[in-house]
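# Structure at a glance
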Amino acid sequence: MLLLLLAYFGGILTILSPCILPVLPFVFARSDQPFRKTGLPLLAGMAVTFALVASLATVGGGWAVRANQFGRIAALVLFGIFGLTLLFSSLAERISRPIVQFGNKFSQNTSSTPGAANSFLLGIGTGLLWAPCAGPILGLILTGAALGGASIHTVFLLLAYAAGAATSLTIALLAGGRVFAAMKSSLGAEEWIRRILGVAVLAGVVAVAFGLDRGILTRLSLASTANLEQHLVDRFHPLSPSTNPQLASSDELASANDQMMAVNPQKKPAANATVDASASKDGGTLMPDISGATAWINSPALTPASLRGKVVVIDFWTYSCINCLRTLPYIKAWNEKYKDSGLVVIGVHTPEFPFEKDEANVRKAVKDLGITYPVAMDNDYRIWRNFNNQYWPAHYFIDATGHVRYHHFGEGSYEESEKWIRDLLEEANHKPLPHASINIAATGAEAAPDSNDVKSPETYVGYERAQNFASPGGLNQDVPQLYKAPADFKQNEWAFDGNWRDERQIATSLSASSAILYRFHARDLHLVLGPSKGGKPVRFRVTIDGKSPGADHGVDTDAAGYGTVTEDRLYQLIRQHGNIQDRTFRIEFLTPGVAAYSFTFG
């Protein structure tokens with residue numbers, strides 16, 4: 001009930017968001033008409049569209065965002081026509097006749113009373129423009145819905161948010177109607193008002209089309225509600241394993257101390273939480289169900305019943321996660337050393353980015369990484385939720401009776417983890433195991449980090465979780481933007497240079513020579529990248545402090561800094577061998593179309 005009220009209040013606050021301001025003229029343009037015949041249908045169209053776009057976002061991922069962009073274009077065209085008809089009565093008369101025949105009349109002249117169908121269509125357009133302005137509260141609802149699947153609870157939360165937005169619109173319409181009635185009775189300026197509204201509508205269309213609603217208005221407005229909404233989210237709905245499943249491990253973790261950080265899709269916590277391991281010697285809890293996998297690799301589907309009598313290690317991972325990659329040498333070594341003694345290792349691949357849901361991508365990654373044990377593809381987060389898990393990587397150790405006896409989050413504590421494997425196997429087999437040490441010689445991205453010198457955090461380039469962006473004017477969401485990198489950077493600031501389109505989880509270069517810069521402090525620098533649409537490779541060149549990396553190049557670059565993006569994965573671009581200090585990294589993409597996701601360090 002509390003979250004329903006929070007969602008409703010968040011919807012009310014949305015009208016105060018800066019990017020809503022260009023939409024308000026569309027609402028006030030009809031506020032002088034009877035509320036029951038025009039206001040209610042408009043509100044209904046807006047609320048229905050808002051809920052539908054939000055629902056599509058929960059089940060459709062990235063394609064719904066693109067579909068909504070086309071909807072925004074259609075809405076801008078609709079409102080552009082509407083604004084022109086407000087300015088020119090003759091134009092309204094000319095276009096109304098054929099539009100009526102199709103039941104899609106956009107506007108009528110001032111001598112006619114707008115119909116409910118017309119107002120409903122305008123409400124749909126308002127909803128298409130309104131939906132992208134949702135704040136952290138709706139983000140919380142959509143995140144849970146996208147990971148948890150459609151449910152009655154999610155429907156009610158979305159309806160509560162839409163109802164809140166409709167409430168604020170109702171107040172605006174009623175108040176606007178009184179203002180217009182007073183002005184018309186005292187001044188007799190109906191035609192003048194109508195034309196001013198037409199100018200306001202067209203100005204709103206221009207503002208939305210050129211992204212001014214998210215750029216200039218955001219900086220000028222004093223009414224941004226994102227911080228207030230986020231405070232409400234943090235105050236009344238704190239992070240927990242069951243309610244916020246999409247929580248990523250991060251390079252911000254001090255791996256040597258096993259300090260794990262839970263990253264909410266809306267923001268990062270203020271401090272690390274030491275939540276590394278837990279053990280039970282009195283039986284523990286029963287192993288949760290693992291039957292929710294969308295596919296199995298290297299094995300037929302496994303169940304707790306089929307694993308009874310085996311010691312099981314569950315490894316939650318995803319193939320672009322640097323922390324996960326650095327634990328793989330140990331997981332693979334345990335599997336090889338103890339599989340004949342009754343150990344079963346299961347990698348539960350729970351994706352963070354959309355490309356990690358593609359079975360072909362995961363199968364290739366499993367093969368390239370040399371993983372031979374069973375891997376369950378957990379695209380719907382069902383196994384993740386069954387375990388109430390929050391972290392990548394996370395390891396759960398199950399005894400032969402099917403009880404979880406120990407778990408560990410993050411990198412490190414490998415000796416303690418192996419000791420638990422040995423103890424559980426000896427307990428199951430009723431005999432000691434011969435001791436044999438494991439020599440791990442990891443290379444490339446799988447090599448252990450230099451934790452003492454990592455001062456740069458995992459950094460997302462998609463605006464949903466982007467921080468410390470330094471290009472003048474800030475990020476322009478979902479639309480192309482020509483960016484310029486600043487001359488100077490502070491530590492952990494980053495910037496675009498050139499033409500980019502930044503979306504929730506991804507940034508796409510739109511022209512040759514587009515670049516990303518980062519002022520970092522770490523031995524290793526990695527960047528999750530993908531090729532252009534259709535899989536066309538993208539060549540790039542990296543520099544450090546304006547020079548070729550030389551001996552400090554990563555496994556995916558040469559000494560001159562050149563490399564090629566051929567597939568969606570993590571690329572190691574820098575591995576320094578000398579003293580670690582603040583350096584300015586730059587990667588320039590020689591052809592357009594690259595997809596960039598996140599930086600990680602080690």
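Scroll up a little and you will see the structure.
Okay, so let's go over this structure. (Residues numbered from 1 in each chain as written. Predicted model: local features only at pLDDT ≥ 70, side-chain atom pairs only at ≥ 80, totals over all residues. Heavy atoms only, no water.)

### Considering the overall build of the protein chain
So the rule is basically this: Strands here are runs of E lasting at least two residues and helices are runs of H or I lasting at least four, both read from the DSSP assignment and numbered beginning at the N terminus. Exposure classes here rest on a 1.4 Å probe applied to the protein chains alone. A residue is buried below 20% of its type maximum, exposed above 50%, and partly exposed in between. Two residues qualify as a contact provided that any one of their heavy atoms is within 4.5 Å of a heavy atom in the partner residue. Under the convention used here, a 1.4 Å probe and the Shrake-Rupley method define accessible areas, while residue burial counts only the protein chains that appear.
What the protein chain contains, in helices and strands, is 16 helices and 19 strands. Taking all 602 residues of the protein chain together, the buried fraction comes to 55%. Once local pairs closer than 6 in sequence are excluded, the contacts in the protein chain between residues at least 24 apart make up 76%. When the accessible surface of the protein chain is summed, it comes to about 25,200 Å², and 58% of that surface belongs to carbon and sulfur atoms.

### Some details on helix H13 (residues 322-338)
Note the threshold: Helices are assigned an expected span. That span is 1.5 Å times one less than the residue count. To get the bend at any residue, fit one axis to the seven residues that end at it and another to the seven that begin at it, then take the angle between the two axes.
Taking 1.5 Å per residue, 17 residues should reach 24 Å; H13 reaches 25 Å between its end C-alpha atoms and fits that length. The largest bend along H13 reaches roughly 35 degrees and is located at leucine 328, with the proline proline 329 sitting one to four residues downstream. With 14 of 17 residues buried, H13 lies mostly within the body of the structure.

### Some words on helix H16 (residues 414-429)
With 16 residues, H16 ought to run about 22 Å at 1.5 Å a step, and its terminal C-alpha atoms sit 22 Å apart, in line with that. All buried positions along H16 are accounted for by Tyr414, Ser417, Glu418, Trp420, Ile421, Arg422, Leu424 and Leu425. Remark: histidine 430 follows H16 within two positions and exhibits a positive phi of approximately 60 degrees.

### Focus on the nonpolar core
Within soluble globular proteins, side chains that are nonpolar tend to cluster in buried spots. Put simply, the rule is: In this text, buried Ala, Val, Leu, Ile, Met, Phe, Trp, Tyr and Cys residues form a nonpolar core when linked through side-chain atoms within 4.5 Å.
Counting 64 residues, the largest nonpolar core has Ile290, Ile314, Phe316, Trp317, Leu343, Ile346 and Tyr396 as the members making the most contacts within it. In terms of residue count, the dominant contributor to this core is H13 (7 residues). If we skip the residues at most four places from it in the chain, isoleucine 346 touches Ile290, Trp296, Leu302, Leu307, Val312, Val313, Ile314, Asp315 and Pro374. Within the second largest apolar cluster, 31 residues are counted, among which are Tyr483, Ala522, Leu573 and Phe589.

### Describing the environment of proline 288
The topology assignment puts proline 288 in the loop between strand E2 (285-286) and strand E3 (295-297). According to the relative accessible area criterion, proline 288 is buried, its value standing at 18%. It is 9.0 Å that separates the C-alpha atoms of proline 288 and histidine 403, two residues lying 115 residues apart in sequence. In this structure, proline 288 is in contact with Pro304, Asn386, Phe387 and Val404, ignoring residues within four places of it in sequence.

### Considering the environment of glutamate 411
We apply this condition: Side-chain atoms alone can form a polar contact between residues adjacent in sequence; in general such a contact is a pair of N or O atoms within 3.5 Å, and within protein one must be able to donate a hydrogen while the other accepts it.
Within the secondary structure layout, glutamate 411 lies in the loop between strand E8 (403-409) and H16. For the pair formed by glutamate 411 and tryptophan 392, sequence separation is 19 residues and the distance between their alpha carbons is 9.4 Å. Among the polar contacts listed, one links the side chain of glutamate 411 to the side chain of asparagine 323, at a separation of 2.9 Å.

### A closer look at the pairing of strand E16 (residues 562-565)
Rule in force here: Two strands pair if DSSP finds at least two bridges between them.
Of the two faces of E16, only one is covered, namely that formed by Gly563 and Val565; the face formed by Tyr562 and Thr564 stays uncovered. When strand E15 (residues 538-544) meets E16, the two strands line up antiparallel, connected through 4 bridges. From the neighbouring strand, arginine 539 faces E16, where its bridge partner is threonine 564.

### Looking at the packing of aromatic side chains
Convention followed: In summary, the pairing rule links any two rings of Phe, Tyr or Trp, Trp by its six-membered ring, whose centres are within 6.5 Å, and it sorts them by plane angle into stacked for under 30 degrees, edge-to-face for over 60 and tilted for everything else.
By the definition in use, this model includes 29 aromatic pairs. For the pair phenylalanine 316 and tyrosine 396, a centre-to-centre distance of 5.8 Å together with 80 degrees between the ring planes defines the contact as edge-to-face. Placement of the pair is phenylalanine 316 in strand E4 (residues 311-317) and tyrosine 396 in strand E7 (residues 394-398), with a sequence separation of 80 residues. Centre to centre, the rings of tryptophan 384 and tryptophan 392 are 4.8 Å apart; their planes meet at 50 degrees, and the pair counts as tilted.

### Here's the deal with the side chain of aspartate 378
Basically, it comes down to this: Note on charges: Lys and Arg go in the positive column, Asp and Glu in the negative column, and His and the chain ends are not counted at all. The salt bridge criterion pairs a side-chain nitrogen of Lys or Arg with a carboxyl oxygen of Asp or Glu, the two atoms within 4 Å.
Its place among the elements puts aspartate 378 in the loop between strand E6 (375-377) and helix H15 (382-386). Arginine 385 provides the closest opposite charge to the buried, unpaired aspartate 378, separated from it by 6.8 Å. Among the polar contacts listed, one links the side chain of aspartate 378 to the backbone nitrogen of isoleucine 383, at a separation of 3.0 Å. Sequence-distant contacts of aspartate 378, defined by excluding residues within four places in its chain, comprise Gly292, Phe316, Val348, His349, Thr350, Pro351, Ile383 and Trp384.

### Quick word on unusual backbone geometry
Between tryptophan 392 and proline 393 the backbone carries a cis peptide bond, its omega angle lying at -15 degrees. Structurally, the position occupied by proline 393 is in the loop between H15 and E7. Phi angles above zero are rare outside glycine, and serine 413 is one such case at about 55 degrees. By the secondary structure assignment, serine 413 is in the loop between E8 and H16. Look at serine 413 and you get partly exposed, because its relative accessible area is 29%. Phi is positive for asparagine 492, which is not a glycine, with a value near 75 degrees. Among the secondary structure elements, asparagine 492 is positioned in the loop between strand E10 (480-483) and strand E11 (494-502).

### Section: the pattern of salt bridges
All chains considered together, the criterion is met by 19 salt bridges. As a salt-bridge pair, arginine 405 and aspartate 399 come within 2.9 Å of each other at their nearest N and O atoms. The burial state of arginine 405 is the same as that of aspartate 399; both residues are buried. Put simply, aspartate 497 and arginine 586 hold a salt bridge, and the shortest N to O gap is 3.6 Å. Of the two residues, aspartate 497 sits in strand E11 while arginine 586 sits in strand E18 (residues 583-589), which places them 89 residues apart along the sequence.

### So, the environment of arginine 539
Within the element layout of this structure, arginine 539 appears in strand E15. For the pair formed by arginine 539 and threonine 564, sequence separation is 25 residues and the distance between their alpha carbons is 4.3 Å. Sequence-distant contacts of arginine 539, that is, excluding residues within four places in its chain, are made with Tyr562, Gly563, Thr564, Glu588, Phe589, Leu590 and Thr591. Looking at arginine 539, its side chain comes within polar contact range of the side chain of threonine 564, at 3.4 Å.

### Description of the packing of H13 against H16
The description of two helices packed together rests on the angle between their axes and the distance between the axes. The line we're drawing: Simply put, an axis is a line fit to the C-alpha atoms, just over the touching stretch for a helix, and the angle between two N-to-C directions goes from 0 to 180 degrees. Angle categories: roughly parallel below 35 degrees, roughly antiparallel above 145, roughly perpendicular from 65 to 115, and oblique for all the rest. Each crossing gets its hand from how the near helix is turned against the far one by less than a right angle, where anticlockwise is left-handed and clockwise is right-handed. Following the grouping adopted for this structure description, the nonpolar residues are Ala, Val, Leu, Ile, Met, Phe, Trp, Tyr, Cys and Pro, the charged ones are Asp, Glu, Lys and Arg, and the polar ones are all others, Gly among them.
Where H13 meets H16, the axes come as close as 12 Å, and the angle between the chain directions of the two elements is 25 degrees. By the criterion of interaxial angle, the relationship of H13 to H16 is roughly parallel. As H13 packs across H16, the resulting crossing turns out to be right-handed. Across the interface between the two elements, Arg326, Thr327, Tyr330, Trp334, Lys337 and Tyr338 of H13 pack against Tyr414, Ser417, Glu418, Ile421, Arg422 and Leu425 of H16. Residues belonging to the contact of H13 with H16 are distributed by class as follows: 6 nonpolar, 2 polar and 4 charged.

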